[in-house]
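Secondary and tertiary structure notes
Next come the chains, spelled out residue by residue.
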Amino acid sequence: MEPKDVLKLIEERNIEIVDLKFMDFLGSWQHCSYPVHELTEVSFEEGFGFDGSSIRGWTRIHESDMLVIPDPDTVFVDPFASIPTLHIIGDIYDPITKQPFSRDPRYIARKAENYLKYTGIADQAFFGAEAEFFVFSDVTFDLGENYAFYYLDSEEGFWNTGREENPNLDYKIRPKSGYFVTPPTDILFDLRNEMVKTLEECGISVEAHHHEVATGGQMEIDIKYSTLTKAADNIMTYKYIIKNMARNYDLTVTFMPKPIFGDNGCGMHTHQSLWKNGKPLFAGNRYAGLSELALYYIGGLLKHGPALAAICSPTINSFKRLVPGFEAPVNLAYSRRNRSAAIRIPMYSPKPRQKRIEYRPPDPTANPYLAFAAMLMAGIDGIENKIDPGPPLDKDIYDMEPEELKDVPKLPGSLEEALDALEKDHEFLLKGDVFTEDVIKMWIELKRKEITEYKLRPHPYEFLLYFNA
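Residues numbered from 1 in each chain as written. Predicted model: local features only at pLDDT ≥ 70, side-chain atom pairs only at ≥ 80, totals over all residues. Heavy atoms only, no water.

Thoughts on the overall build of the protein
In terms of regular secondary structure, the protein is built from 14 helices and 19 strands. Taking 469 residues into account, the globule formula puts the C-alpha radius of gyration at 23 Å, and the protein, at 23 Å, falls close to it. Expressed along its principal axes, the backbone C-alpha trace of the protein runs to roughly 65 × 60 × 50 Å. A total of 469 residues make up the protein; the buried ones form 53% of that total. Residue pairs at least 24 apart in sequence account for 68% of intrachain contacts in the protein once pairs closer than 6 positions are excluded. Approximately 22,300 Å² of the protein is accessible, and the part contributed by carbon and sulfur atoms is 52%. Between the averaged position of the 51 positive side-chain charges in the protein and that of its 72 negative side-chain charges there is a distance of 5 Å. (Helix = DSSP H or I, 4+ residues; strand = E, 2+ residues; numbered from the N terminus. Rg over C-alpha atoms; globule rule 2.2 N^0.38 Å. Buried < 20%, exposed > 50% of the residue type's maximum accessible area, 1.4 Å probe, protein only. Contact = heavy atoms within 4.5 Å. Areas by Shrake-Rupley, 256 points an atom, 1.4 Å probe, with all protein chains shown as cover. Lys, Arg positive; Asp, Glu negative; His and termini not counted. Charge placed at Lys NZ, Arg CZ, Asp CG, Glu CD.)

Topic: the nonpolar core
Note that soluble globular proteins tend to have their nonpolar side chains buried in a common cluster. Residues Phe 133, Leu 274, Phe 372, Leu 376 and Phe 435 are the most contacted members of the largest nonpolar core, which totals 125 residues. Per-element accounting of this core gives the leading share, twelve residues, to helix 9 (residues 368-384). Core analysis: the second largest hydrophobic core is formed by six residues, Phe 134, Phe 136, Leu 152 and Ala 214 among them. (Core = buried A, V, L, I, M, F, W, Y, C linked by side-chain atoms within 4.5 Å.)

Some remarks on the packing of helix 6 (residues 292-303) against helix 9
Across the interface, helix 6 lies against helix 9 with an axial gap of 6 Å and an inter-helix angle of 120 degrees. Relative to helix 9, helix 6 is oriented oblique. Relative to helix 9, the crossing made by helix 6 is right-handed. On helix 9, the residues that touch Leu 293, Tyr 296, Tyr 297, Gly 300 and Leu 301 of helix 6 are Met 375, Leu 376, Ala 378, Gly 379, Ile 380, Gly 382 and Ile 383. Among the residues forming the contact of helix 6 with helix 9, the class breakdown is nine nonpolar, three polar and no charged. (Axes fitted to C-alpha atoms, helices over the stretch in contact; angles between N-to-C directions. Parallel < 35°, antiparallel > 145°, perpendicular 65-115°, else oblique. Left-handed = near helix turned anticlockwise from the far one by under 90°. Nonpolar A, V, L, I, M, F, W, Y, C, P; charged D, E, K, R; others polar.)

A word on the pattern of salt bridges
Evaluation of the coordinates by the stated rule reveals 24 salt bridges. Close ionic contact of Arg 103 with Asp 438 constitutes a salt bridge, the shortest N to O distance being 2.8 Å. Of this pair, Arg 103 sits in the loop between strand 6 (85-93) and helix 3 (105-119) while Asp 438 is found in helix 13 (residues 437-455), placing the two residues 335 residues apart along the sequence. Assessed through its relative accessible area of 12%, Arg 103 is described here as buried. Given a relative accessible area of 32%, Asp 438 falls into the partly exposed group. The partner of Arg 448 in a salt bridge is Glu 423, and the shortest N-O contact between them spans 3.1 Å. Taken as a pair, Arg 448 in helix 13 and Glu 423 in helix 11 (residues 415-424) lie far apart in primary sequence, 25 residues in all. Exposure remark for Arg 448: the relative accessible area of 23% places this residue in the partly exposed category. Here the salt bridges share partners, and the residues they tie into one network are Asp 71, Asp 91, Arg 106, Arg 110 and Asp 233. (Salt bridge = Lys/Arg side-chain N within 4 Å of Asp/Glu carboxyl O.)

Describing helix 13
Side chains three or four residues apart in an α-helix point the same way, a direct result of the helix having 3.6 residues per turn. When the terminal C-alpha atoms of helix 13 are compared, their 27 Å separation across 19 residues agrees well with the 27 Å that a helix rising 1.5 Å per residue should span. Of the residues making up helix 13, those classed as buried are Val 439, Ile 440, Met 442, Trp 443, Ile 444, Lys 447 and Ile 451. Looking at the packing, one finds that the buried side of helix 13 touches helix 3, helix 7 (305-312), helix 9, helix 11 and helix 12 (427-430). (Expected span 1.5 Å × (residues − 1).)

Side note on a negative patch on the surface
Together, Glu 2, Asp 5, Glu 41, Glu 45, Glu 46 and Asp 73 make up a negatively charged patch on the protein surface. Note that Glu 46 resides in helix 2 (residues 43-46). Classification of Glu 46 as exposed rests on a relative accessible area of 53%. (Patch = residues over 30% accessible without salt bridge, like charges linked within 9 Å, V, L, I, M, F, W, Y side chains within 5 Å.)

What to know about the sheet that holds strand 8 (residues 133-136)
Across the sheet, which stays open at both edges, the four strands sit in the order 11-12-8-14 with antiparallel pairing between neighbours. Across the chains shown, the open sheet's two edge strands, defined by having one partner strand only, are strand 11 (206-211) and strand 14 (252-254). If you compare each strand with its neighbour and ignore which way they point, the axes differ by 30 degrees on average. Summarising the sheet, strand 8 and strand 12 (residues 218-223) pair through two bridges and their orientation is antiparallel. Opposite Phe 134, over in strand 12, you have Gln 218 as the bridge partner. Helix-sheet contacts for helix 4 (residues 189-201) involve strand 8, strand 11, strand 12 and strand 14, and the interaxial angle to strand 11 is about 165 degrees. Where helix 5 (residues 228-248) meets the sheet, it contacts strand 8, strand 12 and strand 14, and its direction lies at approximately 140 degrees from that of strand 12. (Pairing = 2+ DSSP bridges.)

Describing the environment of Ile 187
Residue placement: Ile 187 occurs in the loop between strand 10 (148-153) and helix 4. On the basis of relative accessibility, which here comes to 34%, the residue Ile 187 falls in the partly exposed class. In sequence terms Ile 187 and Gly 267 are 80 residues apart; their C-alpha atoms lie 22 Å from each other. Not counting residues within four places of it along the chain, the set of residues in contact with Ile 187 comprises Glu 155 and Glu 156.

So, the side chain of Asp 19
Here Asp 19 is to be found in strand 1 (residues 17-23). Using a relative accessible area of 5% as the deciding quantity, one classes Asp 19 as buried. A polar contact is formed between the side chain of Asp 19 and the side chain of Lys 21, at a distance of 2.7 Å. Filtering out sequence-adjacent residues up to four positions away, Asp 19 remains in contact with His 31, Cys 32, Ser 33, Thr 85, Leu 86, His 87 and Ile 88. (Polar contact = N/O pair within 3.5 Å; in protein donor to acceptor, adjacent residues only side chain to side chain.)

Quick look at unusual backbone geometry
Residue Pro 167 follows Asn 166 across a cis peptide bond; omega there is 0 degrees. Positionally, Pro 167 belongs in the loop between strand 10 and helix 4. Phi angles above zero are rare outside glycine, and Asn 166 is one such case at about 50 degrees. Turning to its location among the elements, Asn 166 is positioned in the loop between strand 10 and helix 4. Judged by its relative accessible area of 63%, Asn 166 is exposed. Despite not being glycine, Ala 288 shows a phi value in the positive range, around 60 degrees. By the element assignment, Ala 288 lies in the loop between strand 16 (279-280) and helix 6.

This is the structure in structure tokens:
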């Protein structure tokens, strides 16, 4: 869409407010709104000035002035605003140099796509992410010097089988028993239908939706793949729509990887493939119908898996999902069916255009622009250096003897270990100046601060273990 087309849409839909969104460093949208008369064709070149000093991970107080320049290809009418409002995603620029801001995640994603073209390996990278989430009816948490607690609730939560509901009709889901359940047990079916309808109206194509494995309202809505930066845009729009639609139902959504003890967590399994001149490059006659290039791409993901975890599974809570022995994709291996392997090759169709790989460790707390860019850079490194991924892991992991498993590399066991890995292994991210040393350093610094703050606070389970020691 051209700027003039945006202005035409504004006139046709009687838009009164323009809501300009952009990405902070860690992975949340920020926004600033303008009366519609403030948006002109010149705005798409000159942008809007703002103070960036309070944006997480961005800049210091003496370098606070920033520009956000709207991208006309990201426009839709906001379905949740009370007056007609146009949504636009913006890119961040330095007002003095007029250059893109190096810590803008969307800029990093675009650089990754450009670097792929520069290598000549491919001209398109497609990403399709499955961001799972929970829908809760009540959430409370608090902590202080002498207390800490959280409480989550869901009408379908199995812990509510004995609750007085006047009447309690049951329809509660047992732990690990929610996958593909039907109404009336799937009490959130209508909500998901509304979410899907709204996503489609906002230009995001949906492939399917269903209840996920966990009790307590775990859901999945699968949106269609797209090119890397556009796919990241879509994930952010997806989160925005799902959260606001749940709010309209007096419900709340979390993309936290592991909010419920003893049940499945939320991943963001990420399907990816490379194309060149309109032809898929991952289809071939090797294992699971893959090409040699695809196997090298897998090799790069597996080699750099520990470092990728710091960006793709970027929270302390992420590693409460990534625990060995609990059906978690912690094994740095690949398989056509084994879901405990970090990489799965979907076998639903033999068509070359559908041949892809699925990287399973990421979760939806990841900044999608950084995560997709990092995965692509790891895959490119695998192709450029012809990294052999080794043999596939096709056995059931739970039937394997400890001796068989000891040589299978694993993901880090904590965010701290993942950050250590990223410090040691990030040269592959610096190629083409896609990531920079400054970006890596700032990411590690912010995440280590989270860890320190977490370590300082006692956990309720520690009182069970140690209070009477």
